[in-house]
Amino acid sequence: MSVRAPLPHDAADLHVSGQARYVDDIPVPGNCLHLAFGLSDQARGVITRADLSAVRAAPGVVAVLKATDLPFDNDVSAAAHDEPLLAQGEVFYHGQPIFLVVADSHLAARKAARMGKITIDSRPAILTIDQALAANSYFEGGPVVWQSGDADSAIQAAPHRVQGQIEMGGQEHFYLEGQAALALPQDNGDMLVHSSTQHPTEIQHKVAEAIGKPMHAVRVETRRMGGGFGGKESQGNALAVACAVAAARTGRPCKMRYDRDDDIIITGKRHDFRIEYRAGYDDDGRLLGVAFAHYTRAGWAADLTMPVADRAMLHADNAYFVPHMYIESHRLKTNTTSATAYRGFGGPQGMLGMERMMDHIAHDLGLDPVEMRRRNFYAAPDQPPQRTHYSQKVTDFELHGITERLLHSADYAARKQAVADWNARNDVLKKGLALSPVKFGISFTLSHLNQAGALVHIYQDGSVHLNHGGTEMGQGLNQKIAQVAASEFGVGMDVIRITATDTAKVPNTSATAASSGSDLNGMAVKAACSKLKKRLTRYVSQHWGVKPARIVFENGMVRARRREMTFAEAARLAYEARISLSATGFYRTPSLSW
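Residues numbered from 1 in each chain as written. Predicted model: local features only at pLDDT ≥ 70, side-chain atom pairs only at ≥ 80, totals over all residues. Heavy atoms only, no water.

Trainee: Help me out: how do you make sense of the overall build of the chain in this one?
Mentor: When you go through the chain residue by residue, the secondary structure sums to 16 helices and 25 strands. Here the chain has a C-alpha radius of gyration of 28 Å; the compact-globule value for 594 residues is 25 Å, and the two agree. Considering only C-alpha atoms, the chain reaches an extent of 80 × 80 × 45 Å along its principal axes. Across the 594 residues of the chain, 52% fall into the buried class. (Helix = DSSP H or I, 4+ residues; strand = E, 2+ residues; numbered from the N terminus. Rg over C-alpha atoms; globule rule 2.2 N^0.38 Å. Buried < 20%, exposed > 50% of the residue type's maximum accessible area, 1.4 Å probe, protein only.)

Okay, structure coming up:
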């Protein structure tokens, strides 16, 4: 079994037939309750009155909770402890949850949530980048500055200079499956939570704080998500916490899902950015000095803005060596929903600023934009390595050869000429053709998150069951991980079964994010399988009286010289010999620092 085989998604048949089970499809007990938030209709203000009598009297309503009714921690933030589940006397964005309705149906909860009479004394709202700058409204007290060399002097001394700016808007994740959670009370006040989340351990942590229990009292399970794209890294906290608090209070299962309108209003988006640039360059278009100013609307709470803005700075050079570089990053606090993780996590915004500047320079000099880019690439592998603006040595930079092959295979020159001919003949409809490199960052900037665990069992019939810390959101992670296990044991894919990500089986998981899910969890599974394979090898070598090095696992068989048995037979014999057929695996990404 090769890990490189192009196999279909493991749940493809379930997806297209509508049989794949998501949180909202899980059968619930007959006494299950349903939740909905009552939301603010103001972007900023002080709550002077909250008349919830009509909400409590609405059909099907079992309970209505305000911030003062929460028994323990009123927080659903990713890290900064600055995002209450329910508003505490003030509101900071349009759509902020103020109260929680617990009812006997989803529709009853939604209808009742619209009946609250909330009086808010409006205050001036900071909504735009310019308003935030004028009000000096920052996270971290002001701009963050990184620099290498003396960019200002290099720009001033350069033969040519440009300056400009580009603005890019936010973006809604629009995952097909909306945010959802289900909490089921267990013995001793423990809680089982099913959550559509990329980060089960964070859900476990936030729920434990909210119900006043240690993490071992909370078990979180995630079978699959119908899309995530970063939007379920921290945004699922509110639903899981609300369900757990209500379940603990009522003693009944509680379920919550956002309808699409509430989902769009409440949850965070991609960070919108304004990027200003100044650059100095020589007659050949080679960069001498670059200065960037990044401005991003973070929203009302920190969420993941700091690492997102950091990554925008990390990607600001894209694929180009800049001898002198200066970046200042403005993380602006506004009265909008908190921007959050989104595919690329700030990297696309940082790269787009550089790419806009490169096009500007190419136009200024009359250079082909691709040639302009190639002249500024980092050094090829056979040249002395150069360093980024954050001092990382750039090695194995293969983009020179890749670009050359791509230009040839894409027939770039002929296609570019065809575009020019078209544009010369047409005054209104125009065409364009571009080639841009992409700096693709992998791994978390928070170093301790670059770890993963796995649990693998071999049953006595030779079937293999495994769990890992990653989450499946349609990207095919489980199939890739199963291929790793099948390759290690030399068995077919039908032998391997991966079940839901479960904090009771693999603890202290990291979010499935930063393009690290396959690497981290695949290596953890490989480590666990390697342990089990060594145990089986040791047993079979003793059983047959051959050296361990001669034993081979392939095509569902265990072989040594002219002797062989099926993998299932080896598992059964090892079990009967009282050999442990269960193992954990762990992996930490090497050579990382931040």
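The rest of the description comes next.
Trainee: Is there a simple way to think about the packing of helix α14 (residues 477–489) against helix α15 (residues 517–544) in this case?
Mentor: The interhelical angle for the contact between α14 and α15, taken along N-to-C directions, is 25°, at an axis separation of 9 Å. For the element pair α14 / α15, the angle class is roughly parallel. α15 is crossed by α14, and the crossing has right-handed handedness. Contacts from Leu 477, Lys 480, Ile 481, Val 484, Ala 485, Glu 488 and Phe 489 in α14 reach Gly 517, Ser 518, Asn 521, Gly 522, Val 525, Lys 526, Cys 529, Ser 530, Leu 532 and Lys 533 in α15. Class assignment of the residues belonging to the contact of α14 with α15 gives a composition of eight nonpolar, five polar and four charged. (Axes fitted to C-alpha atoms, helices over the stretch in contact; angles between N-to-C directions. Parallel < 35°, antiparallel > 145°, perpendicular 65-115°, else oblique. Left-handed = near helix turned anticlockwise from the far one by under 90°. Contact = heavy atoms within 4.5 Å. Nonpolar A, V, L, I, M, F, W, Y, C, P; charged D, E, K, R; others polar.)

Trainee: Help me out: how do you make sense of the side chain of Asp 75 in this one?
Mentor: Following the sequence through the fold, Asp 75 ends up in the loop between β3 (61–65) and β4 (90–91). Within the structure, the side chain of Asp 75 is placed 2.8 Å from the side chain of Ser 77, a separation counted as a polar contact. Side-chain polar atoms of Asp 75 contact the side chain of Lys 206, separated by 2.7 Å. Not counting the four nearest positions on each side in its chain, Asp 75 is found in contact with His 81, Asp 82, Glu 83, Pro 84, Leu 85 and Lys 206. (Polar contact = N/O pair within 3.5 Å; in protein donor to acceptor, adjacent residues only side chain to side chain.)

Trainee: What is the right way to look at the nonpolar core in this model?
Mentor: Side chains of nonpolar character tend, in soluble globular proteins, to be buried together. One finds Ile 458, Phe 489 and Phe 567 to be the most contacted residues of the largest nonpolar core, which totals 43 residues. For this core, the elements supplying multiple residues, two or more each, are β18 (451–458), β19 (464–468), α14, β20 (496–498), α15, β23 (557–560) and α16 (567–576). Ranked by residue count, the leading element in this core is α15, at 10 residues. (Core = buried A, V, L, I, M, F, W, Y, C linked by side-chain atoms within 4.5 Å.)

Trainee: Even after reading the chapter, I still don't get the sheet that holds strand β13 (residues 273–281), so can you show me in this structure?
Mentor: In any sheet, the strands associate via hydrogen bonds between backbone groups, in a parallel or an antiparallel arrangement. In spatial order, the strands read β7-β15-β14-β13-β8; together these five strands make up an open sheet with mixed pairing. Each edge of the sheet is formed by a strand with only one pairing partner; in this case those strands are β7 (144–148) and β8 (160–168). Put simply, the sheet's adjacent strands are angled 10° from each other on average, direction ignored. In the packing of helix α10 (residues 347–365) onto the sheet, the strands contacted are β8, β13 and β14 (287–299), and the crossing angle to β13 comes to about 40°. (Pairing = 2+ DSSP bridges.)

Trainee: How should I be thinking about the pattern of salt bridges in this particular structure?
Mentor: Pairing between side chains of opposite charge can happen when the charged atoms of each approach one another. On inspection of all chains with the given rule, the structure shows 33 salt bridges. For Asp 262, the salt bridge identified is with Arg 114, shortest N-O distance 3.2 Å. Of this pair, Asp 262 sits in helix α8 (residues 260–266) while Arg 114 sits in the loop between α3 (106–113) and β6 (117–122), and the two are 148 residues apart along the sequence. For Arg 114, a relative accessible area of 45% translates into the label partly exposed. Within the structure, one salt-bridge network assembled from shared partners comprises Asp 24, Arg 110, Arg 114, Lys 255, Arg 257, Asp 259, Asp 261 and Asp 262. (Salt bridge = Lys/Arg side-chain N within 4 Å of Asp/Glu carboxyl O.)

Trainee: Even after reading the chapter, I still don't get unusual backbone geometry, so can you show me in this structure?
Mentor: In terms of backbone geometry, most residues other than glycine have negative phi values and most peptide bonds are trans. Backbone geometry at Asn 555 places phi at a positive 55°, although glycine is not the residue there. Structurally, Asn 555 is set in the loop between β22 (552–554) and β23. Using a relative accessible area of 63% as the deciding quantity, one classes Asn 555 as exposed.

Trainee: Explanation requested: a nonpolar patch on the surface in the structure shown.
Mentor: There is a patch of nonpolar side chains on the surface, built from Val 438, Phe 440 and Ile 442 and spanning about 310 Å² of accessible area. Secondary-structure assignment places Phe 440 in the loop between α13 (412–425) and β18. (Patch = residues over 30% accessible without salt bridge, like charges linked within 9 Å, V, L, I, M, F, W, Y side chains within 5 Å. Areas by Shrake-Rupley, 256 points an atom, 1.4 Å probe, with all protein chains shown as cover.)

Trainee: When you look at the pairing of β14 in this model, what are you seeing that I'm missing?
Mentor: Residues in a regular strand project their side chains so that they alternate between the two faces of the sheet. Most of β14 is tucked away, with 11 of its 13 residues classed as buried. Between β13 and β14, which pair antiparallel and follow one another directly, the connecting turn spans five residues, one of which, Gly 285, has a positive phi of 85°. The sheet contact formed by β14 and strand β15 (residues 325–333) spans nine bridges and is parallel. Paired with Phe 292 across the two strands is Ile 327, which belongs to β15. Remark: the β14/helix α9 (residues 305–314)/β15 crossover connection has right-handed handedness. (Right-handed = clockwise from strand over helix to strand, strands pointing away.)

Trainee: Help me out: how do you make sense of the pairing of strand β11 (residues 218–222) in this one?
Mentor: Burial within β11 is extensive, with four of its five residues counted as buried. Sheet analysis places strand β10 (residues 191–195) next to β11, joined by four bridges and oriented parallel. Residue Val 193 lies in a different strand from β11, and its bridge partner there is Val 220. Read from β10 through helix α6 (residues 200–211) to β11, the crossover connection turns out right-handed. As paired elements, β11 and strand β21 (residues 501–502) share two bridges and run antiparallel to each other. Bridge pairing in β21 links Glu 221 to Asp 502.

Trainee: Looking at this structure, I do not really get the packing of α6 against helix α7 (residues 237–250). What am I missing?
Mentor: If you want to describe how two helices pack, look at the angle between their axes and the distance between the axes. It is the contact of α6 with α7, at a shortest axis distance of 9 Å, that shows an interaxial angle of 40°. Of the two possible hands of crossing, α6 and α7 adopt the one that is right-handed. Contacts between α6 and α7 pair Glu 202, Ile 203, Lys 206, Val 207, Ala 210 and Ile 211 from the former with Asn 237, Ala 240, Val 241, Ala 244, Val 245 and Ala 248 from the latter. Partitioned by chemical class, the residues of the contact of α6 with α7 number nine nonpolar, one polar and two charged.

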